[in-house]
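In case you want the letters, here they are:
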Amino acid sequence: MRTLQRYRIFLFTLPAILVIGAFFVYPILLSLRLSFTDFTGVGIANDVGWKNYERIFTRSRYLDALTTTVVFTIMVVVVQTALGLFFAALLHRLPAVRNLCRAALFTPAMMSFVIVGYVWQFIYSPFNGGLNSALAAIGLESLQHNWIGDPNTALIAVAFAHIWMFTGYTTAIFLAGYAAIPSDLEEASRLEGASSWQRFRHIEVPLLAPSFTINIMLSTIGTLKTFELPFIMTRGGPDGATRTLSLHIIDSLFGKYKFGFASALSIIMLILVVLVAYVQNRYLRSRENIT
Amino acid sequence: MKIKRRVGTWLLSAMALILVAFMLLPVVYMLLTSFKSGTEITQNPLGLPANLDFGNYINALSKMNYLRSVLNSIGITLSVTVLVSFIGALAAYPLARRTNRLARALVLLMALGLSTPNFVTITPIYVIFRDIGLLDTYTGLILAFTALNLPLAVFFYTSFIRSIPIELEEAARLDNCSDFRIFWHVIRPLLGPATATLSLFVMLMVWNDFTYPLLLLTDESKFTVMISVYRFVGNHNLSPNDLFPAAVLGSLPLLILFIFFQRRIVSGVTAGAVK
Amino acid sequence: MKRFSPTALSLLCAGAVLAAPVAQAVTLEVTAWKGNDAEPAALPELIEQFEAANPDIEIKFSYISRTDTDIVLPPRVQGDNPPDVMMTDMPLVKVWGDAGLLAPIDKGEWFDRLSPALQNTIDAGDAVHIMPLEVIGMGNFVNMGLLKQAGIDSVPTTIDALKDACGKLEAAGIDAMVFNGGFSAPLYAIANGLERAPDQAAALGTGDALFEESDAFITTLDTFPELEEAGCFDASLQAGLDPWSTALSEFKAGNFAMMPQGAWNIKSFMENEDLDFVFAPIPSGKETGVALDLFGIGWSIAAKSDQPEAAKRFVEFFTVNDNLHQMLVSESAYSPFTDGESGVSDVAAPYNASRDNGGTIMFPFSVLEWPKPLEMEIFDSMTGYLLDLDKDPADVLSRWDEIVEDQ
């Protein structure tokens, strides 16, 4: 009876479980099955055994895509979290401009990827692009560059656009975290004469641990899965420099009609993302408990 | 001392505004460009438009089924937001408060949902909706978006509820309140900031997605605003003087909604603090 | 929550909709990646005319871009709930037709009027699954105004003339050519490679002949550094240029003298009245240059269509030359029918001349001679080559062979 009582609360999760079962678990199982076939998206699927997986692990291009994805994700997560924290800490201290700035920082995220991608493409363009024109206007012609046309800078340029788009997100989450910090705690430390930096370092950062968890996990998962900006801005180019794993999947699915192969890639990506999310979650959660 | 601090705050505010303005430069660039003619864009990429020409906008407006699609988008977006927050918060409560094996398994299930690439779910969702007759209905689209955003919501609320001190519940538990009553009367009122932030994410995703409306809707009168934008500009042979005005028109209602919404969130948070 | 429930919403919006027409008409669902405002292809007018001529049929038209056709339509055709008539191309016909999802189209009198190349292409399988709508040129856009400024009067159609023109343009301080790795350079490479080895297209596509051993293609790639030398372009600057946005606006604004691209841009370029341009063949070793024709769109009928009769009438409507002509004019395209009048405007006169005097080469992907995945690899490898023109052309081409081998 008591055990039943203990588990009754899980009835609350029932609607969510039903929805996630139907819309996520079932499709994943379907993909898993398709990953062992030569399905083209329509018609009959023939079993091909492990062939799709074999190809993934024997061709260097998929390993390259994995590296690209990981590098891209690390860049985005680190810079975006730092920038978001910076803005949130700043705005927390400035109630007068907080709402205005939060709304302004959020504006980029309100546009769809398509729009953001094209805006940045025009900014980065080597001919009359906004960035190069701006550099010329302030006398820095020497810094002009073919930003997304050069494989050495393309990934950074795309990552920058991605960070630009989502910094408002990160800031908003940190600000929500700030709102949850009891104000008396802050008041007390202020009365004790703690400087702004000391309060930030010793009170705010530890208490923001849950916000760190959400921010880092969401941006990691989101960025590992992303294909939108590379797809729009560079189509994975120049010559594969920005081809992420997801972009490979999109290309195989919709450019080449290799659903079976794309399913195998999706499964591998799913395993990767879940693994990363799991490790991160354990680590970040343990950090939360210390405080 | 006080004056010094006030000057400091003032300087800091100015710095924050400058930084934020710097972040907004690309948006300004887009706005300026949306008023320029095609030749002006390449010949004078950074300058102010020669004259405030609304021609691009009038052209875009006349060809998009604008008002109707904005109303559709608002209705769909708000419905999804409400549904997602409710189902998500409800599911998150036990996951945040229990640490047994079942809870951990369910957290993993949510993580799985969160990690699933979107394109994996397209075909199954279509087939399910066909079978239960939800194609080309608002309900179907709302359900699909709710499902897609649910893992995020559960994850978000779980983390937030964990930061709520458990002592608050214990008093209610001593009064023999049921779990649901505790959730509803103790936990739910505290979820304001989390709901506010989550709603933003959900609204953005729903507003800007056009794969699912395109897949699930065939009736033109049900189309969302992003489909209007997208039908107007296409995705080949893009010209900036079509794209940018349409983009501004597509995002503007969301921005207005957000500003209106933010007021309410902030007042909600303050009210909670006073209590 | 109730305030925003879907039913409430539809009530809210009901005022905005006019009362639906109460007709006994059958509804025919049609999808296409033309017919929006950017590329109307006269479809809105043609649909209206069709409905006027067929009062018992009502058309429900949806615009779905080419990319999204791959994403959105497979669930529908497989889910037994397809649109009745869909715009398709040969790669789609191959996948959907082979899977039995498209209805065979009767080879009516229209079939005999098609050009032989198209007949062979669409009749290769067990049945015909597509009714071709247009053939469109891919060639070299030339800004005559800029050429005149550099003292050039004639359109370059040979590689030597091209180099000569580039030199003069460079001397006059004019950017000579858009030559991006994502489209323009591949068009040049494919056109010239196939022009030098006219009978090899099919063999190269199946792997019976290898690109890396093909003198025709190696020679073609060897001309890249020569063109850069002659002042045509700065290869590394061009490599990653987006062919579908930046490049088009640059040419339209009159900042470049030449650009290999498709004739579907003619209409948009004509919006800039100051732009004095022609559409010419791709410069090649041959005197006439190369006219590279693309068979890009046609109608297909879904096997599971509820209205096969109405669908057939709709498709047949487009086989009438006068009807189709409206689309061809809007697209600046050629008729698939030998007796059909083309719709290209006067600016394409040089391309027409090349077509008449030197014949055409069909874009190998649009007639299934080359497998579709190769297309993307060509774009990638041309970008890589432009980034480093010291690479050995045979190595660049071996990447193409690898993809063909994978099929």
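This one's a predicted model, so the numbers in the text were calculated from it and none came from an experiment.

What counts and what doesn't
Residues numbered from 1 in each chain as written. Chains lettered and ligands numbered in written order. Predicted model: local features only at pLDDT ≥ 70, side-chain atom pairs only at ≥ 80, totals over all residues. Helix = DSSP H or I, 4+ residues; strand = E, 2+ residues; numbered from the N terminus. Buried ≥ 20, exposed ≤ 12 C-beta atoms within 10 Å, placed from the backbone. Axes fitted to C-alpha atoms, helices over the stretch in contact; angles between N-to-C directions. Parallel < 35°, antiparallel > 145°, perpendicular 65-115°, else oblique. Left-handed = near helix turned anticlockwise from the far one by under 90°. Contact = placed C-beta atoms within 7 Å. Nonpolar A, V, L, I, M, F, W, Y, C, P; charged D, E, K, R; others polar. Core = buried A, V, L, I, M, F, W, Y, C linked by C-beta atoms within 7 Å. Domains from an automatic or database assignment. Pairing = 2+ DSSP bridges. pLDDT = per-residue confidence, 0-100. Expected span 1.5 Å × (residues − 1). Bend = angle between axes of the 7 residues up to and from the residue.

Student: Got a minute to help me understand the overall build of chain B in this structure?
Tutor: Looking only at helices and strands, chain B features 14 helices and zero strands. For chain B, the succession of helices and strands along the chain, N to C, is α-α-α-α-α-α-α-α-α-α-α-α-α-α. Across the 275 residues in chain B, those meeting the buried criterion constitute 51%.

Student: Looking at this model, I keep getting lost on the packing of helix α8 (residues 151-179) of chain A against helix α11 (residues 209-225) of chain A. Mind explaining?
Tutor: Helix-helix packing is described using two parameters, namely the angle between the two axes and the distance between the axes. All names here are of chain A. Two numbers describe how α8 lies on α11: the axes approach to 9 Å, and their chain directions differ by 160°. Between α8 and α11, the angle falls in the class roughly antiparallel. Judged by the twist between their axes, the crossing of α8 over α11 is right-handed. Residues Phe166, Thr170, Ile173, Phe174 and Gly177 of α8 touch α11, and the partners they reach there are Pro210, Ser211, Ile214, Asn215 and Ser219. Along the lines of polarity and charge, the residues of the contact of α8 with α11 split into five nonpolar, five polar and no charged.

Student: Hey, could you run me through unusual backbone geometry in this one?
Tutor: Leaving glycine out, the prevailing phi sign among residues is negative, and the prevailing peptide bond configuration is trans. Positive phi is not limited to glycine here, since Asp136 of chain B has a value of about 60°. By the secondary structure assignment, Asp136 of chain B is in the loop between α7 (118-131) and α8 (138-162). Looking at Asp136 of chain B, the number of C-beta atoms within 10 Å reads 14, which means it is partly exposed. The backbone of Ala41 of chain C shows a phi angle near 50°, a positive value even though the residue is not glycine. The residue Ala41 of chain C is located in the loop between β1 (26-32) and α2 (43-53) in this model. For Ala41 of chain C, a count of 25 C-beta atoms within 10 Å corresponds to the buried category.

Student: What is the right way to look at the interface of chain A and chain C in this model?
Tutor: Accessible area lost upon the coming together of the parts serves often as the stated size of an interface. Contacts between the two partners involve 26 residues from chain A and, on the opposite side, 31 residues from chain C. Sorting the residues of the side of chain A that touches chain C by element identifies α6 (113-124), α8 and α13 (245-255) of chain A as the ones contributing at least two each. Among the residues forming the side of chain A that touches chain C, the class breakdown is eleven nonpolar, eleven polar and four charged.

Student: How should the interface of chain A and chain B be read in this particular structure?
Tutor: Across the contact, 70 residues belong to chain A and 69 residues belong to chain B. In the side of chain A that touches chain B, the residues fall into 56 nonpolar, twelve polar and two charged.

Student: Help me out: how do you make sense of the nonpolar core in this one?
Tutor: What tends to happen in soluble globular proteins is that the nonpolar side chains get buried as a cluster. Membership of the largest hydrophobic core comes to 297 residues, with the highest contact counts inside it found for Val154 and Tyr157 of chain B together with Met177 of chain C. No other element matches the 18 residues that α8 of chain A contributes to this core. If near-sequence neighbours (up to four positions away) are discounted, Met177 of chain C is found in contact with Cys166, Cys232, Phe233, Phe256, Ala257, Met258 and Met259 of chain C.

Student: Would you mind showing me how to read the domain arrangement of chain C here?
Tutor: All names here are of chain C. Here chain C is described as being made up of domain 1 (26-136 + 295-346) and domain 2 (138-292 + 348-406). For domain 1 and domain 2, the distance between their C-alpha centres works out to 29 Å. On the domain 2 side, the residues contacting the 16 residues of domain 1 number 13 residues. Secondary-structure elements contributing two or more residues to the side of domain 1 that touches domain 2 are α4 (90-98), α6 (116-122) and β7 (291-301). Tallying contributions element by element places α4 first for the side of domain 1 that touches domain 2, with three residues. Split by residue class, the side of domain 1 that touches domain 2 holds seven nonpolar, four polar and five charged.

Student: Sorry, what's going on with the pairing of strand β3 (residues 85-88) of chain C here?
Tutor: Moving residue by residue along a regular strand, the side chains alternate between the two faces of the sheet. Residues and elements named next belong to chain C. Burial of the side chains of β3 extends over both faces: Val85 and Met87 are buried on one face and Met86 and Thr88 on the other. In the sheet, β1 pairs with β3 via two bridges, with the strands oriented parallel. Bridge pairing in β3 places Thr31 opposite Met86. Relative to β7, β3 is paired through four bridges, and the arrangement is antiparallel. Along β7, the bridge assignment pairs Met87 with Trp299.

Student: Honestly, the pairing of β1 of chain C in this entry has me stumped. Any pointers?
Tutor: All names here are of chain C. With five of its seven residues buried, β1 lies for the most part within the structure. Pairing of β1 with strand β2 (residues 57-63), which is carried by seven bridges, proceeds in the parallel orientation. If you follow Thr27 over to β2, its bridge partner there is Glu58.

Student: Mind showing me how you'd approach the confidence of the model for chain B here?
Tutor: Residue and element names in this part refer to chain B. A residue-level look at chain B finds 85% of positions with pLDDT of 70 or above and a mean pLDDT of 79. Within chain B, the element-level pLDDT minimum falls on helix α3 (residues 38-43), averaging 66, and the maximum on helix α5 (residues 66-97), averaging 89. Counting interchain partners and residues more than four positions distant, the pLDDT-below-50 stretch residues 268-275 has seven contacts.

Student: Just to check I follow, could you spell out helix α6 (residues 101-115) of chain B for this structure?
Tutor: Three or four residues apart is the spacing at which side chains of an α-helix point the same way, because the helix has 3.6 residues per turn. Taking 1.5 Å of rise per residue, the 15 residues of α6 of chain B would be expected to cover 21 Å, and the 21 Å separating its terminal C-alpha atoms lies within 8% of that figure. Within the span of α6 of chain B, buried status applies to Leu106, Val107, Leu109, Met110, Ala111, Gly113, Leu114 and Ser115 of chain B.

Student: Would you take a moment to explain α8 of chain A for this structure?
Tutor: With 29 residues, α8 of chain A extends 42 Å from end C-alpha to end C-alpha; this agrees with the ideal 42 Å at 1.5 Å per step. Roughly 40° is the biggest bend found in α8 of chain A, and it falls at Phe166 of chain A.

Student: What am I meant to see in the environment of Leu200 of chain B here?
Tutor: Here Leu200 of chain B is to be found in helix α11 (residues 192-208). It is 7.7 Å that separates the C-alpha atoms of Leu200 of chain B and Phe258 of chain B, two residues lying 58 residues apart in sequence.

Student: It is not clear to me how the environment of Pro308 of chain C should be interpreted in this structure. Could you clarify?
Tutor: Residues and elements named next belong to chain C. Tracing the chain through its elements places Pro308 in helix α15 (residues 308-317). Look at Pro308 and you get partly exposed, because 14 C-beta atoms sit within 10 Å. Considering only alpha carbons, one finds Pro308 and Asp84, 224 residues apart in sequence, at a separation of 7.5 Å. Setting aside chain neighbours within four positions, we find Pro308 in contact with Ala103 and Ile301.

Student: Just to check I follow, could you spell out the environment of Gly254 of chain C for this structure?
Tutor: Residue and element names in this part refer to chain C. One can find Gly254 in the loop between α13 (246-252) and β5 (258-262). By the C-beta count within 10 Å, which is 20 here, Gly254 ends up buried. For Gly254 and Phe269, which are 15 residues apart along the polypeptide, the C-alpha to C-alpha distance reads 9.7 Å. In contact with Gly254, other than residues within four places in its own chain, are Asn143, Gly145, Leu146, Asp274 and Leu275.

Student: What is the right way to look at the confidence of the model for chain C in this model?
Tutor: Low pLDDT marks stretches whose predicted atomic positions should not be read closely. Residue and element names in this part refer to chain C. Across chain C, the average pLDDT comes to 87, with 94% of residues at 70 or higher. The model gives residues 1-23 a pLDDT under 50, and that stretch makes 21 contacts with residues more than four places away or in other chains. Interface confidence for the predicted complex, expressed as ipTM, amounts to 0.79; the pTM equals 0.81.

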